[in-house]
Amino acid sequence: HRLVLLGHDRPDARIGYSIRASEWLYLWKGFVFILIMFLISIPTIVLIALIGGVVGALGTAAEGNVSAPVFMVVITGVALVANVFLYGFVLRFNLVFPSAAIGKPMGFGESWRRTRGNTWRLFVIAFVTVFPFMVFPMLISAALFGFQQIPSIENQVLSSLIHTPFWILGLCVGISFWSWAYR
């Protein structure tokens, strides 16, 4: 964040070998952010499980009239809508981290107010910047190992090795996205 926001020529934009107040603030904001994500995800998981249970029970009660593909479409649709809502909600808090990194603390409420009216814009930009780093490793793994119900341990390890560089690059691009959103 510091390099993007402060510029490469500023000495305080460089990574230091000591943890200063801005790093502690960043870590604290990260902890609170993860806690908020956890608390928000609990009702989402319960809702998806509840809908899955209801659809499954209806399929059983109708003696197989509701097929597995219909069940999967309903669950996938509910999960997709819930995730879009969650990510859109969470992206409203993304200004907190770059501001903490450069020593200009911003609360979650202020980040929420400043991003008002930009939720879909933030969502689309985050999707475009991070999505390729999620899709390419899945396509590579699928091309190498196929779609296996339960992949072998070796395939899981190799797939993890394929995913790791993409995950690291995606994290860097995602952090840059946060910085540019703050700017």
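Note: the structure precedes this text.
Residues numbered from 1 in each chain as written. Predicted model: local features only at pLDDT ≥ 70, side-chain atom pairs only at ≥ 80, totals over all residues. Heavy atoms only, no water.

(A) Structural detail: the overall build of the chain. A count of helical and extended segments in the chain gives seven helices and zero strands. Scanning the chain from its N terminus toward the C terminus, one meets helices and strands in the order α-α-α-α-α-α-α. Counting the 183 residues in the chain, one finds 30% classified as buried. When contacts within the chain are restricted to residue pairs at least 6 apart in sequence, those whose partners lie at least 24 apart make up 64%. (Helix = DSSP H or I, 4+ residues; strand = E, 2+ residues; numbered from the N terminus. Buried < 20%, exposed > 50% of the residue type's maximum accessible area, 1.4 Å probe, protein only. Contact = heavy atoms within 4.5 Å.)

(B) Here's a closer look at helix H7 (residues 153-182). Across its 30 residues, H7 extends 42 Å between first and last C-alpha, which sits within 8% of the 44 Å expected from 1.5 Å per residue. Most pronounced at His 163, the bend in H7 amounts to some 30°, and the proline Pro 165 follows within four residues. Regarding H7, the residues found buried are Asn 155, Ser 159, Ile 162, Gly 170, Gly 174, Phe 177 and Ser 179. (Expected span 1.5 Å × (residues − 1). Bend = angle between axes of the 7 residues up to and from the residue.)

(C) Region of the structure containing the pattern of salt bridges. Here the structure, examined in full by the defined rule, presents one salt bridge. Measuring nitrogen to oxygen at the nearest pair gives 2.9 Å for the salt bridge that ties Arg 114 to Glu 110. Of this pair, Arg 114 and Glu 110 both sit in helix H5 (residues 108-114), four residues apart, which is roughly one turn of that helix. (Salt bridge = Lys/Arg side-chain N within 4 Å of Asp/Glu carboxyl O.)

(D) Fine view of the packing of aromatic side chains. This model, assessed by the stated rule, comprises ten aromatic pairs. Each ring, one from Phe 93 and one from Trp 112, has its centre 5.4 Å from the other, and the planes form 40°; the classification is tilted. Pair noted here: Phe 93 is in the loop between helix H3 (68-91) and helix H4 (96-101) and Trp 112 is in helix H5, with a separation of 19 residues, a long-range link. Judged by centre distance (5.8 Å) and plane angle (80°), the rings of Trp 120 and Phe 123 are edge-to-face. (Phe/Tyr/Trp six-rings, centres within 6.5 Å; stacked < 30°, edge-to-face > 60°.)

(E) Molecular detail of the packing of helix H6 (residues 119-145) against H7. Contact pair H6 / H7: the axes reach a minimum separation of 9 Å and the direction vectors enclose 170°. As summarised for this structure, H6 and H7 are arranged roughly antiparallel, according to the angle between their axes. (Axes fitted to C-alpha atoms, helices over the stretch in contact; angles between N-to-C directions. Parallel < 35°, antiparallel > 145°, perpendicular 65-115°, else oblique.)

(F) Seen up close, H6. In a regular helix each residue adds 1.5 Å, so 27 residues correspond to 39 Å; H6 covers 37 Å between its end C-alpha atoms and thus fits that length. A maximum bend of about 40° is found in H6 at Val 130, where proline Pro 132 lies one to four positions downstream. When we look at burial in H6, the residues that qualify are Leu 122, Phe 123, Ala 126, Val 135, Pro 137, Ser 141, Ala 142 and Phe 145. One or two positions beyond H6, positive phi appears at Gly 146, with a value near 75°.

(G) Structural detail: a nonpolar patch on the surface. A contiguous nonpolar patch, built from Trp 28, Phe 31, Leu 35, Phe 38, Leu 39, Ile 42 and Val 46 and spanning about 740 Å² of accessible area, is present on the exposed surface. Position of Trp 28 relative to the elements: it lies in helix H2 (residues 21-61). Under the relative-accessibility criterion, Trp 28 is labelled exposed at 52%. (Patch = residues over 30% accessible without salt bridge, like charges linked within 9 Å, V, L, I, M, F, W, Y side chains within 5 Å. Areas by Shrake-Rupley, 256 points an atom, 1.4 Å probe, with all protein chains shown as cover.)

(H) Seen up close, the nonpolar core. Val 32, Phe 33, Val 90, Phe 93, Val 96, Phe 97 and Phe 108 form the largest nonpolar core, which has seven residues in total. Elements with a minimum of two residues in this core: H2 and H4. Listed in part, the five residues of the second largest apolar core include Leu 91, Leu 122, Ala 126 and Phe 177. (Core = buried A, V, L, I, M, F, W, Y, C linked by side-chain atoms within 4.5 Å.)

(I) Seen up close, the environment of Arg 116. Residue position: Arg 116 is located in the loop between H5 and H6. Counting along the chain gives 24 residues from Arg 116 to Arg 92, while the straight-line C-alpha distance between them is 7.7 Å.

(J) Up close: the environment of Leu 91. Structurally, Leu 91 can be placed in helix H3. Sequence separation of Leu 91 and Thr 119 is 28 residues, and the distance between their C-alpha atoms is 7.1 Å. Contact partners of Leu 91, with chain neighbours within four places excluded, come to Leu 122, Phe 123, Ala 126 and Phe 177.

So yeah, pure geometry; function would need other evidence.
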